[in-house]
Amino acid sequence: SDNMMYVEKQVYYGNGVEGKNSYHEVLAKKLVEEIASGEFKVYLQPKVNIDTGELYGAEALVRRRTEDGEVLMPGQFIPLYEAEGVIQQLDLYVFEEVCRLLDSWKEKGYRMIPIAVNFSRISLMGIDIIESLARIRGRYGVAPGLLTIEVTESISRMGAETLGQLMERFKEHGFAFSLDDYGTRYSNLSLLARLDFKELKIDQSLIKDIMTNWRSRIVLEHTIQMCRELGIITAVAEGIETEEQRELLRSYHCDIGQGYLFSEPIPIGEFLDKYGRDYLY
Ligand code: C2E
Ligand code: MG
Ligand code: MG
Ligand code: MG
């Protein structure tokens, strides 16, 4: 049915602006239905203390399970939802699922870990986004410190000043930002100079060749050092796949890591099995 969307897109785009609007409406309606029918599943990938191996938190990553049991990855549907401006529906759904999950863990007496949710730039541009997040969070009684908002550098396209104001308002509600995929595309250093991120996630493209490329090692080591000296920023290395990479990152005093070495993103039940319901108390 993913292909269907593209077919419909062509049909509706054929009619100019008016057509675009109706395509947008069709897609938005369809997305709401698919969310309601439970097609979207939240998977969790652990964030781990590189030095001790201890569980530090998790990132929520969305998957789509179609009627015929096929699992679609975010890259197969998120770009379309972003292009059509309907992504906020999905991001809010994932955010709500995470709040619901943390609330159930609290009730069961599990140890609470912070969970990060990815938000597209477009999702954060809606006028009442902060109120929506605060309302959902409040409904489940989750401490805002347990919720991290991951944004990519494309967020800087709203301008440092607008972004700074937005982040201030988030901060007033207790939400912190994590800068995702750092080191790709524009790598906006001035964002780090001006804004108050809680976490910086070093993109996996920088981790990938650290064993063979000394230039990558220099960039990496200094990025980690910069985070440390900025004080409040936790450096998270993405895409750690080997023990050698982990050792090197440990020697650079990188705080937190994420990657297949520790675990792929897995369904919530599996996450609890793997990390132990006992461990999570
Ligand atoms: P991201 O936020 O940078 O998430 C990390 C991606 O790297 C995930 O891909 C994860 O499966 C993958 N990854 C983790 N460890 C490793 C590793 O060791 N090696 C390799 N090769 N890959 C690793 P995934 O789940 O396919 O998600 C792709 C992107 O889709 C995410 O990148 C994020 O930008 C976006 N995304 C996922 N869920 C959501 C969501 O709920 N809302 C929005 N707006 N975007 C989402
Ligand atoms: Mg992310
Ligand atoms: Mg990333
Ligand atoms: Mg990414």
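Residues numbered from 1 in each chain as written. Chains lettered and ligands numbered in written order. Predicted model: local features only at pLDDT ≥ 70, side-chain atom pairs only at ≥ 80, totals over all residues. Heavy atoms only, no water.

The protein goes by Bifunctional diguanylate cyclase/phosphodiesterase in an unreviewed UniProt entry, where it is assigned to Extibacter muris.

Enquirer: Tell me about the overall build of the protein, and please be specific about residues and values.
Expert: For the protein, the count of helices and strands is twelve helices and ten strands. Its C-alpha radius of gyration of 19 Å places the protein within 12% of the 19 Å reference for a compact globule of 281 residues. Per-residue burial over the protein gives 48% buried out of 281 residues. In the protein, 67% of the contacts between residues at least 6 apart in sequence involve partners at least 24 apart. For the protein, the computed accessible surface area is about 13,700 Å², with 51% contributed by carbon and sulfur atoms. Of the side chains in the protein, 32 bear a positive and 45 a negative charge, and the two mean positions are spaced by 2 Å. (Helix = DSSP H or I, 4+ residues; strand = E, 2+ residues; numbered from the N terminus. Rg over C-alpha atoms; globule rule 2.2 N^0.38 Å. Buried < 20%, exposed > 50% of the residue type's maximum accessible area, 1.4 Å probe, protein only. Contact = heavy atoms within 4.5 Å. Areas by Shrake-Rupley, 256 points an atom, 1.4 Å probe, with all protein chains shown as cover. Lys, Arg positive; Asp, Glu negative; His and termini not counted. Charge placed at Lys NZ, Arg CZ, Asp CG, Glu CD.)

Enquirer: Could you give an account of the packing of helix 6 (residues 129-140) against helix 7 (residues 160-172), with specific residues and numbers?
Expert: Close contact between helix 6 and helix 7 brings their axes to 10 Å; oriented N to C, the two are set at 20 degrees. Regarding the angle of helix 6 to helix 7, the classification is roughly parallel. Crossing geometry of helix 6 relative to helix 7 is assigned as right-handed. Contacts between helix 6 and helix 7 pair Ile130, Glu131 and Leu133 from the former with Leu166, Arg169 and Phe170 from the latter. Tallied by class, residues from the contact of helix 6 with helix 7 come to four nonpolar, no polar and two charged. (Axes fitted to C-alpha atoms, helices over the stretch in contact; angles between N-to-C directions. Parallel < 35°, antiparallel > 145°, perpendicular 65-115°, else oblique. Left-handed = near helix turned anticlockwise from the far one by under 90°. Nonpolar A, V, L, I, M, F, W, Y, C, P; charged D, E, K, R; others polar.)

Enquirer: Kindly report on the site of ligand 1, identifying the contributing residues and their values.
Expert: Taken together, 23 residues surround ligand 1, and among them Arg63, Asp91, Asp180, Glu241 and Tyr260 come closest. Glu59 is positioned such that a nitrogen or oxygen atom in its side chain is 2.9 Å from an oxygen atom of ligand 1. Between ligand 1 and Tyr260, the relevant distance is 2.8 Å, taken from an oxygen atom to a main-chain nitrogen or oxygen of the residue. Coverage of ligand 1 by the protein amounts to 83% of the 800 Å² it exposes when considered alone. Elements with a contribution of two residues or more to the shell around ligand 1: strand 2 (55-65), helix 4 (87-108) and strand 6 (176-182). By residue number, the principal contributor to the shell around ligand 1 is strand 2, which donates four residues. Grouping the amino acids of the shell around ligand 1 by side-chain chemistry returns nine nonpolar, six polar and eight charged. (Near = heavy atom within 4 Å. Polar contact = N/O pair within 3.5 Å; in protein donor to acceptor, adjacent residues only side chain to side chain.)

Enquirer: Account for the pairing of strand 8 (residues 234-237), naming residues and giving values.
Expert: On a regular strand, each side chain points to the face opposite its neighbour's, so the side chains alternate between the two faces of the sheet. The two faces of strand 8 match: Thr234 and Val236 on one face and Ala235 and Ala237 on the other face are all buried. Pairing analysis gives two bridges linking strand 8 to strand 9 (residues 256-257), with the strands arranged parallel. Its bridge partner lying in strand 9, Val236 is registered against Ile256. Between strand 8 and its parallel partner strand 9, the chain crosses via helix 11 (residues 243-251), and the hand of that crossover is right-handed. (Pairing = 2+ DSSP bridges. Right-handed = clockwise from strand over helix to strand, strands pointing away.)

Enquirer: Describe in detail the coordination of the magnesium ion (ligand 3), supporting the description with residues and values.
Expert: Looking at the magnesium ion (ligand 3), one finds its protein donor set to be Asp180 (OD), Asp181 (OD), Glu238 (OE) and Glu238 (OE), positioned 2.0 to 2.6 Å from the metal centre. Each donor residue of the magnesium ion (ligand 3) lies on the same chain, and together they follow the pattern D-D-x56-E. Between the two metal centres, the magnesium ion (ligand 3) and the magnesium ion (ligand 2), the spacing is 4.1 Å, with Asp180 acting as a shared donor. Separated by 58 residues along the polypeptide, Asp180 in strand 6 and Glu238 in the loop between strand 8 and helix 11 bring together distant segments of the chain. (Donors = N, O, S within 2.8 Å, 3.2 Å for Na, K, Ca; no water.)

Enquirer: Before we move on, could you go through the side chain of Glu150 and cite the residues and values that matter?
Expert: With respect to the helices, strands and loops of the structure, Glu150 is situated in strand 5 (residues 147-152). Judged by relative accessible area, which is 1%, Glu150 ranks as buried. Within the local environment of Glu150, its side chain forms a polar contact with the side chain of Lys47, the two groups lying 3.1 Å apart. In this structure the side chain of Glu150 is engaged in a polar contact, spanning 2.9 Å, whose partner is the side chain of Lys201.

Enquirer: Run through the packing of helix 4 against helix 6, naming residues and quoting values.
Expert: Two numbers describe how helix 4 lies on helix 6: the axes approach to 9 Å, and their chain directions differ by 25 degrees. The orientation of helix 4 with respect to helix 6, classified from their angle, is roughly parallel. For the element pair helix 4 and helix 6, the recorded crossing hand is right-handed. Seen from helix 4, the contacting residues are Gln88, Leu92, Phe95, Glu96, Cys99, Arg100, Asp103 and Lys106; seen from helix 6, they are Ile129, Ser132, Leu133, Ile136, Arg137, Arg139 and Tyr140. Classifying every residue of the contact of helix 4 with helix 6 by side-chain character gives seven nonpolar, two polar and six charged.

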